[in-house]
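Read off the chains here:
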Amino acid sequence: MTAKPTVFSELPTDLNRDRLPQHVAVIMDGNGRWAQRRGLPRIMGHRRGVDALKDLLRCCRDWGVGALTAYAFSTENWGRPLEEVDFLMTLFERILRQELREMMAEGVRIRFVGNLQALPPSLQLEIERSMQETANNQGIEFTVATNYGGRQEIMQACRAIAMQIQQGHIQPEDIDEALFEQHLYTRGIADPDLLIRTSGEMRISNFLLWQVAYAEIYVTETFWPDFDRAEFHQALSNYQQRDRRFGKLKAKS
Ligand code: IPE
Ligand code: IPE
Ligand code: MG
């Protein structure tokens, strides 16, 4: 029997269940460097990256984090060599097909955010299928940002709102944060509490620009394929030491 290390299958005892982030977002960076360090082609890093993401999703379920959003492909990533882009598109499609059954069994509700119409048609089909089939699941809310750009998301929201004004449905004064959010890809998903970036880069890279306004940011030097439960434990523990003030003053204890 291959016993799972029990210490990681449940919420580590030093973490406070009541102070877990409800929603964790991850910028899964460093796949290419992970592979290159091993003398492997970059695509091997992407492959291993999928395993890391699958385990993080299970870990969120095991530990009681209700929502996970992962940055899989940015609007800028099209600028990479065609070979790598093609590999990624095929990988996304294959993984979706392979994992749908397990996602159903686990009650995962998957959702994709980004400019999906520009993805290869066969990938769009798998995306549609997975979103439809899992739509009524009650487990973890899993969002995958694919062909996603924060600026592009904000821009298309502006366009949609402008159209509504042009058609006389709303007035400019009706625009407020709540209405604006209705036009973002992430409509209906609460903002992330914790944003994790791997591989040491201290930047947002066009991810969830609107939504991370008050997210706590955690950066680890670890490359994404090596991001495991011990790493997630560290990120959560660090998060629990933060004082989230939201512009106000520290609550008196
Ligand atoms: C992140 O890893 C995955 C994607 C952007 C698709 P990278 O491919 O950016 O890996 P590095 O940053 O070059 O090491
Ligand atoms: C961000 O990583 C995008 C994803 C993880 C999908 P990048 O590797 O594309 O970002 P930069 O180029 O380091 O900013
Ligand atoms: Mg990168």
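The text that follows walks through the structure, step by step, so that each part is easy to find. The structure presented is a predicted model; accordingly, all values stated were derived computationally and were not measured.

Concerning the pairing of strand β4 (residues 141-148)
For a regular strand, the rule is simple: side chains alternate between the two faces of the sheet.
Part 1: Across the eight residues of β4, eight count as buried, placing the element largely inside the fold.
Part 2: Summarising the sheet, strand β2 (residues 67-74) and β4 pair through seven bridges and their orientation is parallel. Looking across to β4, one finds that Tyr71 is bridged to Ala145.
Part 3: As paired strands, strand β3 (residues 109-113) and β4 are joined by five bridges and run parallel to one another. When the sheet's bridge partners are listed, Arg109 is paired in β4 with Glu141.
Part 4: In this region the chain leaves β3, passes through helix α5 (residues 121-134) and returns to the parallel neighbour β4; the handedness of that crossover is left-handed.

Regarding the site of ligand 1
Part 1: Close to ligand 1 lie 13 residues; Met28, Asp29, Arg33, Arg42 and Arg80 are nearest.
Part 2: Within the backbone of Arg33, a nitrogen or oxygen atom sits 2.7 Å from an oxygen atom of ligand 1.
Part 3: According to the grid-proximity analysis, the pocket containing ligand 1 is the largest pocket.
Part 4: Broken down by secondary-structure element, the contributors of at least two residues to the shell around ligand 1 are α2 (31-37), α3 (42-63) and α4 (82-106).
Part 5: Ranked by the residues each element gives to the shell around ligand 1, the list is headed by α2, at three residues.
Part 6: Tallied by class, residues from the shell around ligand 1 come to three nonpolar, five polar and five charged.

Description of the side chain of Asn206
Part 1: One can find Asn206 in the loop between β5 (194-197) and β6 (216-219).
Part 2: Given the relative accessible area of 14%, Asn206 is considered buried.
Part 3: Dropping the residues within four chain positions of it, Asn206 is found in contact with Tyr71, Thr75, Glu76, Tyr148, Gly149, Gly150 and Arg151.

Rules used in this analysis
Residues numbered from 1 in each chain as written. Chains lettered and ligands numbered in written order. Predicted model: local features only at pLDDT ≥ 70, side-chain atom pairs only at ≥ 80, totals over all residues. Heavy atoms only, no water. Buried < 20%, exposed > 50% of the residue type's maximum accessible area, 1.4 Å probe, protein only. Helix = DSSP H or I, 4+ residues; strand = E, 2+ residues; numbered from the N terminus. Pairing = 2+ DSSP bridges. Right-handed = clockwise from strand over helix to strand, strands pointing away. Near = heavy atom within 4 Å. Polar contact = N/O pair within 3.5 Å; in protein donor to acceptor, adjacent residues only side chain to side chain. 1 Å grid on protein atoms, 1.4 Å probe; cavity = no way out; pocket = protein on both sides within 12 Å on 5 of 7 lines; lining within 4 Å. Sits in = over half its atoms within 2 Å of the grid points. Nonpolar A, V, L, I, M, F, W, Y, C, P; charged D, E, K, R; others polar. Contact = heavy atoms within 4.5 Å.

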